[in-house]
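What the coordinates show
One-letter residues, chain by chain:
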Amino acid sequence: MPQLGKPSGPLTPEEAAALLAFYVEAGVTEALADEAVDHYQLPAQTVAAEPAPAARQQAPSTEPRRAPIARAEAPEPLRANPPTTIPLEDKQAVSSARALAASCRTLDELKAALAGFEGCALRYTAKNLVFADGNPEARIMLVGEAPGKDEDQAGLPFVGRSGQLLDRMLASIGLDRTTVYIANTLPWRPPGNRAPTPAEQAICAPFIERQIELSKAEILVLVGGVSAKQLLNTDTGIMRLRGRWSSYRAGDREIPALPIFHPAYLLRQPAQKRLAWRDLISLKARIDSLPPRD
């Protein structure tokens with residue numbers, strides 16, 4: 001990984017390209033100034049104490065007055081949370097998405113409809129549509145959040161490092177991509193892996209809802225907080241949702257749904273894998289309880 005400290009000399013083209021790739025992968029999408037500001041090296045602001053009455057009558061100091069040290073102004077912090085209101089044009093896009101998704105009678109029709117849908121701006125910044133992977137006839141369906149860089153390039157969900165961990169998690173209970181169906185709440189990657197806006201989620205929601213409805217899923221696994229909160233229509237965080245079975249209504253079906261930690265979170269917090277294992281054991285028990293298919 002490239003060093004983030006101040007370089008001792010000019011970067012080579014290879015080093016500059018590696019550093020730029022690192023920042024893009026970290027989610028940096030724009031520069032706020034020509035040079036970085038190291039606020040730890042700036043002098044601390046101090047408030048001078050009120051002088052005592054006797055000190056006010058002393059002769060003025062003969063030392064030359066120092067010019068005030070100019071402080072670089074800190075850039076305005078980026079807004080972490082997207083706006084919660086949905087513009088009128090996006091509301092119209094939601095209505096169009098809902099009508100288009102409802103008109104689809106098969107998963108192939110739904111994929112084709114998404115490929116031609118122009119109501120979501122994410123499609124213009126993404127490289128590929130990420131519709132699904134796995135077996136559409138499977139009894140278990142996993143729904144993640146949004147594609148990352150690797151998924152965007154491959155056009156398939158969960159193919160990066162987090163996807164490799166997901167494969168190992170599934171294998172631990174006897175599953176693989178031939179026995180599960182995998183999709184995301186968003187079929188296009190948000191730029192820089194940023195969090196999706198409420199408008200983007202609302203526009204894409206009819207498609208994932210229809211995708212679940214058209215699938216053969218008898219168990220839903222909601223991978224990560226974004227997926228769980230959206231599909232369960234709750235503000236409760238994933239730390240409280242994980243491991244607790246809920247019910248998701250898809251058309252005239254009630255599907256048992258289990259929220260679990262996202263593999264990307266487990267890569268950052270490996271100590272939480274013990275809780276993820278408990279959730280996998282719960283999932284395995286529910287799968288074993290399914291009646292045979294006709």
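Everything here concerns the structure above.
To keep things clear, this report deals only with the structure shown in the data block. (Residues numbered from 1 in each chain as written. Predicted model: local features only at pLDDT ≥ 70, side-chain atom pairs only at ≥ 80, totals over all residues. Heavy atoms only, no water.)

**Structural notes on the pattern of salt bridges**
According to the stated counting rule, one finds 9 salt bridges in the structure shown. Two residues, arginine 210 and glutamate 213, come together in a salt bridge whose shortest N-O distance is 3.3 Å. Of this pair, arginine 210 and glutamate 213 both sit in helix α8 (residues 198-214), separated by 3 residues, roughly a single helical turn. Look at arginine 210 and you get buried, because its relative accessible area is 14%. Residue glutamate 213 is classed as partly exposed on the basis of its relative accessible area of 33%. Residue lysine 284 is joined to aspartate 288 by a salt bridge in which the shortest nitrogen-to-oxygen separation is 3.5 Å. (Salt bridge = Lys/Arg side-chain N within 4 Å of Asp/Glu carboxyl O. Helix = DSSP H or I, 4+ residues; strand = E, 2+ residues; numbered from the N terminus. Buried < 20%, exposed > 50% of the residue type's maximum accessible area, 1.4 Å probe, protein only.)

**Thoughts on the sheet that holds strand β6 (residues 253-260)**
Spatially, the 6 strands line up as an open sheet ordered β1-β3-β2-β4-β6-β5, and their pairing is mixed. Only two strands of the sheet have a single partner each, and these edge strands are β1 (133-134) and β5 (246-250). Across 2 bridges, the pairing between β1 and strand β3 (residues 180-184) is antiparallel. Bridge pairing in β3 places glycine 134 opposite tyrosine 181. Packed on one face of the sheet, α8 meets β2 (140-144), β3, β4 (219-223), β5 and β6 and runs near 170° to β2. In this fold helix α12 (residues 273-288) packs onto β2, β4 and β6, with an angle of close to 155° to the strand it touches most, β6. (Pairing = 2+ DSSP bridges. Contact = heavy atoms within 4.5 Å. Axes fitted to C-alpha atoms, helices over the stretch in contact; angles between N-to-C directions.)

**Remarks on the packing of aromatic side chains**
Taken as a whole, this structure holds 2 aromatic pairs when the rule is applied. Between phenylalanine 261 and tyrosine 265, the ring centres sit 4.9 Å apart and the planes meet at 45°, which makes this aromatic pair tilted. With a relative accessible area of 22%, tyrosine 265 lands in the partly exposed category. It is arginine 286 that lies over the ring of tryptophan 245; its NZ or CZ is 4.2 Å from the centre. (Phe/Tyr/Trp six-rings, centres within 6.5 Å; stacked < 30°, edge-to-face > 60°. Lys NZ or Arg CZ within 6 Å of the ring centre and 35° of its normal.)

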